[in-house]
Amino acid sequence: MADTGQTSAAWQLSDEQLATALCAAEKSLRAAYARHLDLVAEAERRGLGRASGCRDTAGFLVSASRLSWDDARTRVVLATTEFTGVRAALAAGDISPDHALEIVKVLRQAPATLEVGRLASDEVTLLELARQAIPSTVRKAGQRLLAYWDLEGKEPAAREQELARPRREFRYCWTRDGRMKFSGEFDAETGHLAEDLFVPLAKPDPADEHGNPDPRTLSQRQGDAVAAIFDLAARADGLPVKAGERAVATVTIAYKDLLRDSGLATLDDGRAVPVSQLRRWLCDAKIYPAVLGGEGQVLDLGRSARTATPAQRRALAIRDRGCTRPGCPRGPKWTTPHHVIFWATQGGKTNINDLALVCERCHQLIHHGGWDIQIHHGTVYWIPPAWVDPQRRPIRNTAHDPPQHQAA
């Protein structure tokens, strides 16, 4: 069938067929791009750009194909890369040109003292992540890798000296109208501590009774968060807790509907929500379900044990290191514990072996996107829907994995 026929028939595809076709087309585009790079590499080898009156191969691509200079230079970089694993993954359609560029940028910054075998191993690590995650996540992993390389290149005494004298600077002055202006910088350890404190406090307020969102900008919310931290420190009665608690609500639902993930549940203000949405909320929200039997008798009015304890959260943060969806880079502070086995089916118990950390956006995929979760020997695996992988093979998230070789 001609391409035009395939395009005109696209509206006839089911959602699963359309998703499958989109994934297959993307893979074909990446493979075609890799074949194009073979031509670019040969043009660079021959000096075709200069022979055609252009400055170089990139200049020829700009002139002949009307590419942007950035795109043309990227193609030359990828076409001439010495990292064969990157080219092979691109030719197979496993990664995109953006993935490939991020990996090549990192690998080309490897110190000269790095062993060849180590560099090849780190290339494999980045390629594994690129098969799961978006390019920006690969970039962040590459930055971590560069930091490890930098540490490994220093003598232990120099590393200890840096730790003994961390860089912390704070500068301020008073303006004429009585306001304080400040600037400065923290070392990584202090910076993460500060972020853990003010990120939860800088979240937008709920919409008002008219539905208007929080009018503050991000910088204003963060300023209010720092002011709240100073106020708490001055009173010294307590410190902010990560994420805090959500609003309390009571939900009424039939027990059979809760178990089979169907029907509607009723909130205490009269609104109805799908049971699938309620089950997602119940993973960690402060919601008390009023579970009713067949004749309306109250079987359960909330179980405090169904939410993870602070100790369990800390253990999950150590085990999962963040969101467990393959490719998701969000750390523990952005996540909530999800019940792999729904708490209502196991007597309301919350066991750490049945919990997995997921961020809010990825949590939607479990309850509404066809993804499943399994835990094997303490490792969380996500099972993709059939339109992503017809064989539904389990996948582990490697976005939080440290480089394979630790600093000496």
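Residues numbered from 1 in each chain as written. Predicted model: local features only at pLDDT ≥ 70, side-chain atom pairs only at ≥ 80, totals over all residues. Heavy atoms only, no water.

## What about the packing of aromatic side chains?
As enumerated under the stated definition, the model contains three aromatic pairs in all. Measuring from ring centre to ring centre gives 5.6 Å for phenylalanine 170 and phenylalanine 182, while their planes differ by 20°; the resulting arrangement is stacked. In this pair, phenylalanine 170 sits in strand S1 (residues 169-174) while phenylalanine 182 sits in strand S2 (residues 180-185), placing the two residues twelve residues apart along the sequence. Between tryptophan 371 and tryptophan 382, the ring centres sit 5.8 Å apart and the planes meet at 65°, which makes this aromatic pair edge-to-face. With a gap of eleven residues between them, tryptophan 371 in the loop between helix H16 (360-368) and strand S10 (372-376) and tryptophan 382 in strand S11 (residues 379-383) connect regions that are remote in the sequence. Each member of the pair, tryptophan 371 as well as tryptophan 382, carries the same accessibility label: buried. Among the aromatic residues, ring-to-ring pairing joins Phe170, Tyr172 and Phe182 into one connected group. (Phe/Tyr/Trp six-rings, centres within 6.5 Å; stacked < 30°, edge-to-face > 60°. Helix = DSSP H or I, 4+ residues; strand = E, 2+ residues; numbered from the N terminus. Buried < 20%, exposed > 50% of the residue type's maximum accessible area, 1.4 Å probe, protein only.)

## So, the confidence of the model for the chain
Overall, the predicted model of the chain reaches an average pLDDT of 79, with 72% of residues at or above 70. The least confident element of the chain is strand S7 (residues 298-301), whose mean pLDDT is 45; the most confident is helix H5 (residues 69-79), at 95. Across residues 237-248, confidence stays below pLDDT 50; counting only partners more than four residues off in sequence or on other chains, it has 18 contacts. Low pLDDT, under 50, characterises residues 295-305; the predicted model gives this stretch 22 contacts beyond four residues in sequence or across chains. (pLDDT = per-residue confidence, 0-100. Contact = heavy atoms within 4.5 Å.)

## Digging into the pattern of salt bridges
Scanning the entire structure with this criterion turns up 19 salt bridges. With a closest N to O distance of 2.9 Å, aspartate 401 and arginine 396 form a salt bridge. Within this structure, Glu42, Arg45 and Arg46 form a network of salt bridges that share partners. (Salt bridge = Lys/Arg side-chain N within 4 Å of Asp/Glu carboxyl O.)

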